[in-house]
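# Coordinate inspection notes
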Amino acid sequence: MTTTVQQTEAAAAVTTWLAEFSAALVANDPARAAALFTEDCFWRDLISFTWNFRTFEGRAEITRMLEATLSRVQPTGWTVTDGEEPAETDGITEAWIDFETSAGRGHGHLRLRGGQCWTLLTTLYELKGYEEPKGLRRPMGAEHGVNRDRTTWLEDRDHETQKLGVTEQPYVLIVGGGQAGIGLAARLRQLSVPTIVIDKRARPGDQWRSRYKSLCLHDPVWYDHMPYLKFPDNWPVFSPKDKIADWLESYTKVMELNYWPSTEATSASYDEASKEWTVNVERDGGAVVLHPKQLVLATGMSGKPNIPSFPGMDKFRGDQHHSYAHPGPDAYQGKRCVVIGSNNSAFDICGALWESGADVTMVQRSSTHIVRSATLMDIGLSALYSERAVASGITTDKADLIFASIPYRIMHLFQIPLYDQMRERDQDFYDRLEKAGFDHDWGEDGSGLFMKYLRRGSGYYIDVGAADLVANGDVKLVRGQVDHLTEDAVVLADGTELPADLVVYATGYTSMNGWAADLISQEVADKVGKCWGLGSDTTKDPGPWEGEQRNMWKPTQQEALWFTGGNLHQSRHYSLFLGLQLKARQVGIPTPVYGLQEVHHLS
């Protein structure tokens, strides 16, 4: 069969399915629509039908969702996206699709198997009447003609910054000025939603500047673009932290964000009657009270340190700190350094300390998955996020949607073969690690790094060199649990004493709802429940199955409280949908939430 014939048959199959699906929806017949799906089907919706992030598994769940939403959503115009020809591979036909709802315009991805839908992704990308000012809607900028009341761009910006938060209240307050907070603020800026970002640090990007000096992104540049403004084509593949910091600082200026540095939120409360928050902040040493309608915590899934409480910590005479506060290796040349932990931060810090001439010991308390950076790029990322992917027409936005189109329930099945290839390619490396006594794993089902990240946000290291130090014995490795500290040592449960001048607790981070407890109340934190994880019932990701990231970028059980975070890819991609949810509420578009997440775990 020729490629042309395959394309023709694939296009015909997609066109037929879309026509039948559209007819069932127009006829308000959910059961008929659901019958067009395979029995083991998945429909992932990002706000277009549900004003929520939900994945529906099986015909019964799809039927129930459509029964509840169809009369309001009124979806129409199901077509194949212009310029995107459907394709068939190994019995699966894939297509990019467009559609409209009563509120906006949508884009999605379809996989057919045997003429029925196996997976469907539907996303809302713009609201009717509130489109972003880009393309043909780009603003003029200059005002031609004569006008005695003319004001300049700078005067208008100065006027805005002087009044917002003083005489006029923001509609959205974002607490946290890292990549997640400013990326969302950029989205809201383009949607004309009055927004203030606050951060306790003195400059945008200081979240990165303050970390240990050897820190670089472990994700490649194609994976890490910010909304609207890609990194230049000559930007390094792996960005040093200070270079990222400067980029974020420039981004806040170029994107005209209302960013308040040296500002810390001290308390917040929500008034059910007025439907607004009261947020007390300290700005440059003075007290300010803000009354936003929506509060977004962008404090990072890796932002609230999990600081252990070991007996004897108060007696230890050397330096001790959590990895988030590690200043770098310069002061520890020739010192005895004990790093407790064996994931990303632990390896990075061990590597930097060893390079500075320190005597370094890693304490591994539980197994860790390691994948070498070059191998991860070649096998795990290159199909979507690489120069090769760009050359083949896969833009960052398209890559994001392809990744989003794979339901979390079956994503591990796509990942396992990739990590099998990685294991085979680097078998000698893993043999050396295990010979050195390192407790290595591949995830509980062999699915590797991405699933560990999505399920628990920890338990892995992308190796950029430090793992060889452990394998070679240059960084000493001990396994066990910490029992206590003495004045000059870390003592393990088996009695092993590790003399130390420095102890670094690379012990990870706690759930983001801990920030809500600090800022608002423990009651609200418990009302919202645990952030992050899928409910996979694997280590640190307790069930029941959720099917989406808990509480991230979507409505929570606390009205008008939102969470954003994750890596640069997630912050970029999901900021669009969070921004649209906030804009819809600002302008009064009805946003009934279908399937609001239940709370099964408090933290």
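Residues numbered from 1 in each chain as written. Predicted model: local features only at pLDDT ≥ 70, side-chain atom pairs only at ≥ 80, totals over all residues. Heavy atoms only, no water.

## Things to note about the overall build of the protein
When helices and strands are tallied, the protein shows 18 helices and 25 strands. Relative to the 2.2 N^0.38 estimate, which gives 25 Å for 603 residues, the radius of gyration of the protein is 26 Å and therefore close to what a compact globule would have. The principal-axis extents of the C-alpha atoms in the protein amount to approximately 75 × 70 × 45 Å. Buried residues in the protein amount to 55% of all 603 residues. Excluding contacts between residues fewer than 6 apart, the proportion of contacts in the protein whose partners are at least 24 apart in sequence is 66%. Roughly 25,600 Å² of accessible area belongs to the protein as shown, and the carbon and sulfur atoms make up 49% of that amount. Between the mean site of the 59 positive side-chain charges and the mean site of the 80 negative ones, the protein shows a separation of 2 Å. (Helix = DSSP H or I, 4+ residues; strand = E, 2+ residues; numbered from the N terminus. Rg over C-alpha atoms; globule rule 2.2 N^0.38 Å. Buried < 20%, exposed > 50% of the residue type's maximum accessible area, 1.4 Å probe, protein only. Contact = heavy atoms within 4.5 Å. Areas by Shrake-Rupley, 256 points an atom, 1.4 Å probe, with all protein chains shown as cover. Lys, Arg positive; Asp, Glu negative; His and termini not counted. Charge placed at Lys NZ, Arg CZ, Asp CG, Glu CD.)

## Remarks on the sheet that holds strand β16 (residues 336–340)
Pairing between the strands of a sheet comes from backbone hydrogen bonds, and it takes one of two forms, parallel or antiparallel. With parallel pairing, five strands are arranged side by side in an open sheet as β15-β24-β16-β17-β20. Two strands in the sheet have a free side with no partner beyond their single neighbour: β15 (319–322) and β20 (476–479). Taken pair by pair, the neighbouring strands of this sheet meet at an average axis angle of 20°, ignoring direction. Here β16 pairs with strand β17 (residues 359–364) via five bridges, running parallel. Looking at β17, one finds that Ile340 is bridged to Val363. The sheet strands contacting helix α8 (residues 344–355) are β16, β17 and β24 (502–505), and the helix crosses β17 at an angle near 165°. (Pairing = 2+ DSSP bridges. Axes fitted to C-alpha atoms, helices over the stretch in contact; angles between N-to-C directions.)

## A short note on the pattern of salt bridges
Following the criterion strictly, the structure yields 39 salt bridges and no others. A salt bridge links Arg44 to Glu548; the nearest nitrogen and oxygen atoms lie 2.8 Å apart. In this pair, Arg44 is assigned in strand β1 (residues 37–46) and Glu548 in the loop between α17 (522–528) and β25 (561–563), connecting sequence segments 504 residues apart. We note that Arg44, like Glu548, is buried. For the salt bridge of Arg317 with Glu487, the shortest nitrogen-to-oxygen distance reads 3.5 Å. (Salt bridge = Lys/Arg side-chain N within 4 Å of Asp/Glu carboxyl O.)

## Let's talk about the side chain of Gln570
The topology assignment puts Gln570 in helix α18 (residues 568–587). Engagement of the side chain of Gln570 in a polar contact is seen with the side chain of Tyr453, the distance being 2.4 Å. If near-sequence neighbours (up to four positions away) are discounted, Gln570 is found in contact with Tyr453, Leu454, Trp532, Gln549, Trp553, Gly565 and Ser575. (Polar contact = N/O pair within 3.5 Å; in protein donor to acceptor, adjacent residues only side chain to side chain.)

## Some words on the sheet that holds β25
Strand order across the open sheet formed by five strands is β10-β9-β8-β14-β25, with parallel pairing between neighbours. The open sheet terminates on both sides in strands that have one partner only, identified here as β10 (259–260) and β25. Relative to β10, strand β9 (residues 195–198) runs parallel, the two sharing two bridges. Its bridge partner being in β10, Ile198 is matched across the sheet by Trp260. The strands that helix α5 (residues 179–190) touches are β8 (172–175), β9, β10 and β14 (294–297); relative to β8, the one it contacts most, it runs at about 160°.

## What to know about the environment of Gly535
Structurally, Gly535 can be placed in the loop between α17 and β25. By relative accessible area, which is 4% here, Gly535 ends up buried. Apart from residues no more than four positions distant in its own chain, Gly535 is found in contact with Asp541, Pro542, Gly543, Pro544, Trp545, Glu546 and Arg550.

## A closer look at the packing of aromatic side chains
Using the criterion set out here, one finds 30 aromatic pairs in the structure. Each ring, one from Phe310 and one from Tyr505, has its centre 6.1 Å from the other, and the planes form 45°; the classification is tilted. Of this pair, Phe310 sits in the loop between β14 and β15 while Tyr505 is found in strand β24, placing the two residues 195 residues apart along the sequence. The burial state of Phe310 is the same as that of Tyr505; both residues are buried. Stacked on the ring of Trp235, the Lys or Arg Lys243 has its end atom at 4.4 Å from the ring centre. Seen from the ring of Trp260, Arg283 lies directly overhead, with NZ or CZ sitting 3.7 Å from the centre. (Phe/Tyr/Trp six-rings, centres within 6.5 Å; stacked < 30°, edge-to-face > 60°. Lys NZ or Arg CZ within 6 Å of the ring centre and 35° of its normal.)

## Quick look at α8
The end-to-end C-alpha separation of α8 is 17 Å, in line with the 16 Å expected for 12 residues at 1.5 Å each. When you tally the buried positions in α8, you get 10 out of 12 residues, the bulk of the element. Listed in full, the buried residues belonging to α8 are Asn344, Ser345, Ala346, Phe347, Asp348, Ile349, Cys350, Gly351, Ala352 and Leu353. In the core, the buried residues of α8 are packed alongside β16, β17, β18 (369–372), β19 (460–463), α15 (466–472) and β24. (Expected span 1.5 Å × (residues − 1).)

## Observations concerning the state of the cysteines
Applying the stated criterion to the full structure yields zero disulfides. In this structure Cys117 is a free cysteine whose sulfur lies 6.9 Å from that of Cys41, the closest cysteine sulfur available. (Disulfide = S-S within 2.5 Å.)

## Description of the pairing of β14
The alternating pattern of β14 places Gln294 and Val296 and Leu295 and Leu297 on opposite faces, both of which are buried. As paired strands, β8 and β14 are joined by four bridges and run parallel to one another. Bridge assignment links Leu173 to a residue of β14, and that residue is Leu295. As paired elements, β14 and β25 share three bridges and run parallel to each other. Along β25, the bridge assignment pairs Val296 with Trp562.

## Looking at the packing of α5 against helix α7 (residues 241–254)
Relative orientation of the contacting elements α5 and α7 amounts to 20°, with a least axis distance of 10 Å. By the criterion of interaxial angle, the relationship of α5 to α7 is roughly parallel. The crossing of α5 and α7 is left-handed. Contacts between α5 and α7 involve Gln179, Ile182 and Ala186 from the former and Leu248, Tyr251 and Thr252 from the latter. Of the residues in the contact of α5 with α7, the class split is four nonpolar, two polar and no charged. (Parallel < 35°, antiparallel > 145°, perpendicular 65-115°, else oblique. Left-handed = near helix turned anticlockwise from the far one by under 90°. Nonpolar A, V, L, I, M, F, W, Y, C, P; charged D, E, K, R; others polar.)

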